[in-house]
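Summary of structural features
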Amino acid sequence: LSHTSLHIVYSSTPIPHPQERVKEPVAFVKGLLDMRDKYDRLVTEAFRSEKKSQKKLKDAFESFINADSRCASYLVLYIDELLKSSLKGLSEQEADVLLEKVIVIFRYLQDKDIFENFYKQHLAKRLLSGRSVSEDAERSMIAKLKQECGYQFTSKLEGMFTDMSISKETMENFQRPADSTVELEVNVLTAGYWPTASVPQCRLAQELLPVHEAFEAYYLSKHTGRKLTWQTNMGTADLKARFNERNWHELNVSTYQMCVLMLFNRTDTISLDDARELKIPESELKRHLISLCTPKHRILRKSSKGKGIAANETFTFNTEYSSKLKRVKIPLVSQKEGGLGLAGAKSVPETVEEDRRHLVEAAIVRIMKARKTLRHNDLIAEVTRQLTSRFVAEPAFIKKRIESLIEREYLERETDDRRTYKYLA
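Now for a description of the structure that goes with this document.

**A look at the overall build of the protein**
Counting secondary structure elements, the protein contains 15 helices and 9 strands. When its C-alpha atoms are laid out on the principal axes, the protein stretches across 80 × 60 × 45 Å. When the 425 residues of the protein are sorted by exposure, 41% land in the buried category. Residue pairs at least 24 apart in sequence account for 67% of intrachain contacts in the protein once pairs closer than 6 positions are excluded. Carbon and sulfur atoms form 49% of the exposed surface of the protein, whose accessible area is close to 24,700 Å². Here the protein contributes 69 positively and 60 negatively charged side chains, and the mean placements of these two sets differ by 3 Å.

Printed below as a string of structure tokens:
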């Protein structure tokens, strides 16, 4: 049995680490599932599902999966692929089998909070873009996660579905101003449920203000005491663009790109300073401008050569643009900061790190409030035990939070035994 365990670890440990695998998270998880099936058959048929061999299999997979925190994000990307395309055309039973296999791998993960963080981001994108294959499959996946980790783990995910249902009803009842030619679709998102950053609203084009103000007035008249914060960094738009007398296209763009392009309703050329007046964050402004100047989708022509944007850059509307498609989606260039699978093997997202600090401190206070006094090693062990369903807290990390709570006078050390802590009411 020990030999079998070592063989599994040896044959699978290299998979998450090589850089060539970083851009293939879906292929990685598929390989992982195939390997799990292979060794599961071995344990079932050769060892007749003997308990020690099952435990060896579990220990081996846990060992190499948790050696690299990217496995959590890779699993999320695999689920994202399933729910956006791979489940299409499958029966409910067939889809359930695939999702259940994912849950088997999910059980091996120790960093379930990292998984939750990435899952929330991708679920938000699927819901807001309407790219899910099936809402039933989405809810089935959340039900499986809830069964594994409890209500607290999925409460925000379920809240996201509730927001989408309420938003749909809201838009059915909203009537846009009679003199407006702009069709508006709004999703009202509860701040605590969605992975949204606090980004200032950009300046919208004058043509959009009547319907924008009408919706805000309508919503606040129905929900007193609430505050609407417009997330213009998350929206999309369809624009009818006429490039010359014979050539027009419908462009699918981001809200930021829409705001930039609508400047050209009044002029053929704008400067970088003109675009800055839209109050779009500088890095995002340049990213969205470059996306409109790529060789494949050169909606705008920039004055300088090269991929970057010069300080005195000007942009001219490209009247010669053409495409075989009437409806053209303008993709955004990728951010240089890197995305999901490019993080280091032991990296933890900043938001997850912050949540961990709060969770550890809350657990320490909860334990000390009940026990009143406790020795250091006993406190470390109890905190680790309570949080193991979400992540494995390192003793050094817990010790830092203890020190922080002592500084803020939640705890103090016993005068005659520095290794014993006392709760301060």
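**Notes on the sheet that holds strand β5 (residues 314-317)**
Across the sheet, 3 strands lie side by side as β3-β5-β4; this open sheet has antiparallel pairing. Each edge of the sheet is formed by a strand with only one pairing partner; in this case those strands are β3 (269-271) and β4 (300-302). Along the sheet, successive strands turn relative to each other by an average axial angle of 25°, direction set aside. Relative to β5, β4 runs antiparallel, the two being bridged by 3 bridges. Bridged to R301 within β5 is T316.

**Some remarks on helix α2 (residues 25-45)**
With 21 residues, α2 extends 30 Å between its outermost C-alpha atoms, agreeing within 8% with the 30 Å of an ideal straight helix rising 1.5 Å per residue. For α2, the set of buried residues is P25, F28, V29, L32, L33, M35, R36, Y39 and V43.

**Some remarks on the pattern of salt bridges**
Applying the stated rule across the entire model yields 30 salt bridges. Within this structure, D96, E100, R107, K144 and E148 form a network of salt bridges that share partners.

**Describing the nonpolar core**
With 47 residues, the main nonpolar core has I65, L75, F115 and Y119 as its most contacted residues. Of all the secondary-structure elements, those providing two or more residues to this core are α2, α3 (51-65), α4 (70-86), α5 (92-108), α6 (112-129), α7 (135-149) and α8 (151-173). Ranked by residues supplied to this core, first place goes to α4 with 9 residues. If we ignore the near neighbours within four places in the chain, the residues touching L75 are V29, V102, I105, F106, L109 and F115.

About the thresholds
- Residues numbered from 1 in each chain as written.
- Predicted model: local features only at pLDDT ≥ 70, side-chain atom pairs only at ≥ 80, totals over all residues.
- Heavy atoms only, no water.
- Helix = DSSP H or I, 4+ residues; strand = E, 2+ residues; numbered from the N terminus.
- Buried < 20%, exposed > 50% of the residue type's maximum accessible area, 1.4 Å probe, protein only.
- Contact = heavy atoms within 4.5 Å.
- Areas by Shrake-Rupley, 256 points an atom, 1.4 Å probe, with all protein chains shown as cover.
- Lys, Arg positive; Asp, Glu negative; His and termini not counted.
- Charge placed at Lys NZ, Arg CZ, Asp CG, Glu CD.
- Pairing = 2+ DSSP bridges.
- Axes fitted to C-alpha atoms, helices over the stretch in contact; angles between N-to-C directions.
- Expected span 1.5 Å × (residues − 1).
- Salt bridge = Lys/Arg side-chain N within 4 Å of Asp/Glu carboxyl O.
- Core = buried A, V, L, I, M, F, W, Y, C linked by side-chain atoms within 4.5 Å.

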